[in-house]
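Per-entry structural report
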Amino acid sequence: MSHSLLRGAFFLGVSRLKIDKKPKHLTRAFYKAYAGCGEILQKEHRQYCMALLEVDGILFAIPFRTHIRHKHSYIFKDSSRSDQSGLDFTKAVVVTDPRYIGEETLIDSGEYAEFLKKQDVIARRFDKFIRDYKKWAVDPAKYHAERIIAFSALQYFHAELGL
């Protein structure tokens, strides 16, 4: 994935992690291309806001969600929307085409402030989730990860993840 896709991005500690400071939407072209993929989040009348994060040259879009009930996420500490509001790593997708990146979007101001302040923490946690996911996907039963794999949007991107 070309580094130019993340125009507002900056490197985090090591050069293998980059995060875009501006949340974006994914385009209709993305949702059309992945229409049959039931674990990719889609809403009929509004799009999900996404954080763009590049790990080892692969560009991911991670949705901001209001009701996250599992640990594979980053939960905002002081969200005015919900005490379960954050970034849901299990619903992240791989952005395989630059046409899939839409316009910048606005999110809750408190969440945005924390998103900017905690980008290093978010990127490192997501990086760990991706490394774990790759391990789990090879042998889900060994890691008791069958449900994580079954409900993750990453299941549609195993080729891009080298699985």
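In the block above lies the structure referred to throughout.
Looking now at the nonpolar core. Across soluble globular proteins, nonpolar side chains show a tendency to be buried alongside one another. Judged by nonpolar contacts, the single largest core of 48 residues is most densely connected at F30, I40, F60, L87, V93 and F126. Considering every element that reaches this core, the biggest residue donor is helix 3 (residues 119-138), with eight residues. Beyond its immediate stretch of four places on either side in the chain, V93 contacts L26, F30, I40, M50, L59, F60, A61, A153 and F157.

What follows deals with the pattern of salt bridges. Evaluation of the coordinates by the stated rule reveals eight salt bridges. Notably, a salt bridge pairs K24 with D20, separated by 2.9 Å at the nearest N-O pair. Note on accessibility: K24 and D20 belong to one class, buried. With its nearest N and O atoms 2.4 Å apart, the salt bridge here joins E39 to K91. Taken together, the residues E39 in the loop between helix 1 (28-33) and strand 4 (50-55) and K91 in the loop between strand 7 (86-88) and strand 8 (93-94) connect sequence positions 52 residues apart. Residue E39 is classed as buried on the basis of its relative accessible area, which comes to 18%.

Looking at K91, the relative accessible area reads 10%, which means it is buried. Sequence separation between K91 and E39 is 52 residues; the distance between their C-alpha atoms is 7.1 Å. Apart from residues lying up to four places away in sequence, K91 is in contact with E39, L41, A61, P63, R65, F151 and A153.

What follows concerns the packing of aromatic side chains. If you walk through the whole model with that rule in mind, you get 15 aromatic pairs. Considering the side-chain rings of F30 and Y31, the 5.2 Å spacing of their centres and the 85 degrees angle between planes classify their relative orientation as edge-to-face. The burial state of F30 is the same as that of Y31; both residues are buried. Feature note: the residues F60, F89, F126, F129, Y133 and W136 constitute an aromatic cluster, connected by ring pairs. The side chain of K77 reaches across the aromatic face of Y74, ending 4.9 Å from its centre.

Below, the discussion takes up helix 2 (residues 109-117). Among the residues making up helix 2, those that are buried are E111, E114 and F115. Projected down its long axis, helix 2 carries its buried residues within an arc of 105 degrees, all on one side. In helix 2, the exposed residues that point more than 90 degrees away from the buried face are S109 and K117.

What counts and what doesn't
- Counting restarts for each chain: residues are numbered from 1 in the order of the written sequence.
- Local features in a predicted model are, by the rule used here, given only for residues with pLDDT of at least 70; side-chain atom pairs are given and counted only at 80 or more, and totals for whole chains, interfaces and linings are based on all residues.
- Excluding hydrogens and water, the side-chain figures rest on all heavy atoms present in the structure.
- Here, nonpolar core means buried Ala, Val, Leu, Ile, Met, Phe, Trp, Tyr and Cys residues that are tied together by side-chain atoms lying within 4.5 Å of each other.
- Any residue under 20% of the maximum accessible area for its type is buried, any over 50% is exposed, and the rest in between are partly exposed; the area is computed with a 1.4 Å probe on protein chains only.
- Working definition: helices are DSSP H or I runs of at least four residues, strands are E runs of at least two. Numbering for both runs from the N terminus.
- Whether two residues touch is decided by their heavy atoms; if any such pair falls within 4.5 Å, the residues are in contact.
- The term salt bridge refers to a side-chain nitrogen of Lys or Arg lying within 4 Å of a carboxyl oxygen of Asp or Glu.
- Stacked, edge-to-face and tilted are the three classes for Phe, Tyr and Trp ring pairs, Trp counted by its six-membered ring, which pair at centre distances within 6.5 Å; planes under 30 degrees apart are stacked, over 60 edge-to-face, the rest tilted.
- Distance and angle both matter: a charge sits over a ring if NZ of Lys or CZ of Arg is within 6 Å of the ring centre and within 35 degrees of the ring normal.
- What the arc measures is the spread of directions leading from the helix axis to the C-beta atoms.

By themselves these figures say nothing about function.
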